[in-house]
Each structure stands twice: as C-alpha cells, then as structure tokens.
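Results of the structural survey
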Amino acid sequence: MIGRPFRSLRTGLPTLLALGLLAGCGPDDAWHRLDLARLPPLVDDQPAAEPVVPTLEPLGEGLRRRGLQVTGQVDALRARVGASLSWSLDLGAEPYLSFVPIVPPDDACPPTYVVEASARAAERMELARFAPRPASGLPAVFGRGAIELPLDDLADRRATLVLRTEASCRGGPTDVSWGSPAVWHRRRAPRPPGSPERPNVLLLSIDTLRADHLGAWGADPSETPALDGLAAESDVWTQAFSTFNVTNPSFASISTGLYGKNHGVYDLRTPLPEAHETLAERFQGAGWRTGAVVSVRHLEASQSGLGQGFED
C-alpha cells in the first residue's frame, strides 16, 4: 500500500479510505492488521474471585447507556481493572500496537494502561504504561487520541502480547475499555501473476481529500510521495466529477455506474438494492477473485449493500 496505516494520516486530513481489491492481487511486504478486539484472548483475572470474560461491543452501545456521546467508529474491548489479556501472535516486520484509551470525562480516577510482552521463552517485560486523562471540553470519551506503540523487539518472532490495567486510586472504575486494540505488521504475501488478458485491478478511493494537498498537485513539502510517484507514471484526469458529496451514494454510483435516481441510495443508511449489478459482480462473473477493505462502519457490507460480488 501507500504507507503505514494510521501513521500516514497524522497530517490531520479528514480522510476515509476504501479499497476494492479485484483479482486477488497481494502486494509484497503488505501491511496486515490483527484485530485484538475480535481475537479471543487468554484472561488472567487475578486477584478477582471469578474470571471475567472480556466483552466486545460497539463503543456507542455501552457508553451511550452511561450518557456519553461517541462517534460509533470504535469497538470497545471491556474487561475488569486488574485483568491481564494476552494473545500469542506471529509477527512480521515493523510491528506496532495501536489503541484508544477510553476515559469518561467525569472519571477523576482513570486506570493506568500497561503493555507487556514476551518472545519465545523470555520473561515478560513491560513495554509501556499510560495514564491518560480525559480531554476537557470534548463530548467523546477518548483521552488524548489513539496511542501507537512500536514493538520493534518482537519483529519476525512469535510473541505473547499482554494488555492489562492497574487501578490508580480507590473508588475508581471496576472495568475498563481498550478502544479498537490492534497490532499492525508487515508480512510478505505472494503476488498472483497478472497478464494482459487478465490483469490485477485495484480500485482505491480516498474520500474528503483535496487535490492541492498532494505533492503531484503542488503541495510542498509533499506528504504523499507514493501517490506522487503513481501520478507521474499514470494517465491522470484533472476534470473528474462525483455524482454525490456523500460517501455511500458516491460508492453506489462508482460500483454500479448509475445515478442516484436509478440506484436509490441518498444517505449513509440506505443499502444498495441487490437487484443492481455491481462492478465486483461483473469481475466475479468473469472469473476474477474479489475482496474489499473499508475503513468506516457505514461502508460495511451489512449496512451499505456494497458487498455484492466480493468474496471477502
């Protein structure tokens, strides 16, 4: 891909990334995301009397019940304060951990987040600890944004990663949430051979990105060298127009070649009707393997209807 996921977005640009992967192309040294919120961890819940299994819920669900406002784009992995959650992972190159500490604005005694790890038979070592504080004046519950922790000592090894929390004072919360915990790493993947008759096809769409923020269109210094290089060796159209200024309707038009009055999608909640044939279905019907990666919940197949024709 273009650069390290998440870290390439540190410019603050309001960017949504959607990838349509057609023909199963697999780049060398590609980034892989291990979603810890959906990988069952081993739980050491001492000194609690009974083990408590961590629960996963969309962040908006549990926290809205507590009167807190959230965006709904983060999954919360909840566990008892003091519990250790561990995963055994086979890591590639340049691994790093990312998560969002969930800190209610009215919590005067938030817990301390601790990250530990061990590789093979080595003893567990503490990598970092964070004592986030609520961000005053914000309606959300995030501390100081997402935390990214390099795991360089665990590169190209099988390792055990441990996430745990410690109470910082008496009377604090009894449970805690890790927001969207994930480990990113590079791992080589075979590149399926293409041919002039059956090339690999990649559709990459970036939503809410102005052209003049790209080096190829005058941004200096450039923060998009890979895109600049792609533009330099590509056919480029400078007069291109979207049928919508809303994400899902735009993707429905890209996927079907239809105007909104024909496909019926005008917002982020209406799914694309199954009666419409999509670009992915055309490729699939012609024998291509298909897959898609999206970055926001409202583009997921179950909500958008845009999964038609994609194997994964």
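Quick note: structure is the one above.
Notes on the structure in this doc start here. (Residues numbered from 1 in each chain as written. Predicted model: local features only at pLDDT ≥ 70, side-chain atom pairs only at ≥ 80, totals over all residues. Heavy atoms only, no water.)

With that out of the way, let us pick up the overall build of the chain. Helix and strand content of the chain: six helices and 14 strands. Burial analysis of the chain (312 residues in total) assigns 41% to the buried set. Restricting the contact set of the chain to residue pairs at least 6 apart, pairs at least 24 apart contribute 72%. Of the accessible surface of the chain, which amounts to about 17,800 Å², a share of 53% is contributed by carbon and sulfur atoms. (Helix = DSSP H or I, 4+ residues; strand = E, 2+ residues; numbered from the N terminus. Buried < 20%, exposed > 50% of the residue type's maximum accessible area, 1.4 Å probe, protein only. Contact = heavy atoms within 4.5 Å. Areas by Shrake-Rupley, 256 points an atom, 1.4 Å probe, with all protein chains shown as cover.)

Applying the stated criterion across every chain, the model contains eight aromatic pairs. For the ring pair Trp 31 and Tyr 96, a centre distance of 6.0 Å and an interplane angle of 75° mean the geometry is edge-to-face. Taken together, the residues Trp 31 in strand E2 (residues 30-35) and Tyr 96 in strand E7 (residues 93-101) connect sequence positions 65 residues apart. Judged by its relative accessible area of 0%, Tyr 96 falls in the buried class. Taken together, a centroid distance of 5.3 Å and an interplanar angle of 90° make the contact between Phe 283 and Trp 288 edge-to-face. Judged on exposure class, the residue Phe 283 and its partner Trp 288 are both buried. (Phe/Tyr/Trp six-rings, centres within 6.5 Å; stacked < 30°, edge-to-face > 60°.)

Turning our eyes to something else, we now look at unusual backbone geometry. The step from Asp 220 to Pro 221 runs through a cis peptide bond, and the omega angle for that step is 5°. Along the chain, the position of Pro 221 falls in the loop between strand E13 (201-207) and helix H2 (225-232). In the Ramachandran plot, Asp 156 falls in the positive-phi region, its phi being about 55° despite a non-glycine side chain. Examined against the element boundaries, Asp 156 turns out to sit in the loop between strand E10 (147-150) and strand E11 (158-166). Under the relative-accessibility criterion, Asp 156 is labelled exposed at 57%. A positive phi angle, near 45°, is found at Ser 180, a position not held by glycine. Locating Ser 180 in the fold gives a position in strand E12 (residues 175-187).

Evaluation of the coordinates by the stated rule reveals twelve salt bridges. Here Asp 212 and Arg 210 are joined by a salt bridge, their closest N and O atoms 2.9 Å apart. With a relative accessible area of 41%, Asp 212 lands in the partly exposed category. With relative accessibility at 56%, the residue Arg 210 sits in the exposed group. (Salt bridge = Lys/Arg side-chain N within 4 Å of Asp/Glu carboxyl O.)

Moving on to H2. Within the span of H2, buried status applies to Leu 227, Asp 228 and Ala 231. The arc enclosing the buried residues of H2, seen along the axis, measures out at 105°, which places them on a common side. For H2, the exposed residues set more than 90 degrees away from the buried face come down to Pro 225 and Ala 232. Taken together, the buried residues of H2 touch E13. (Arc of directions from axis to C-beta.)

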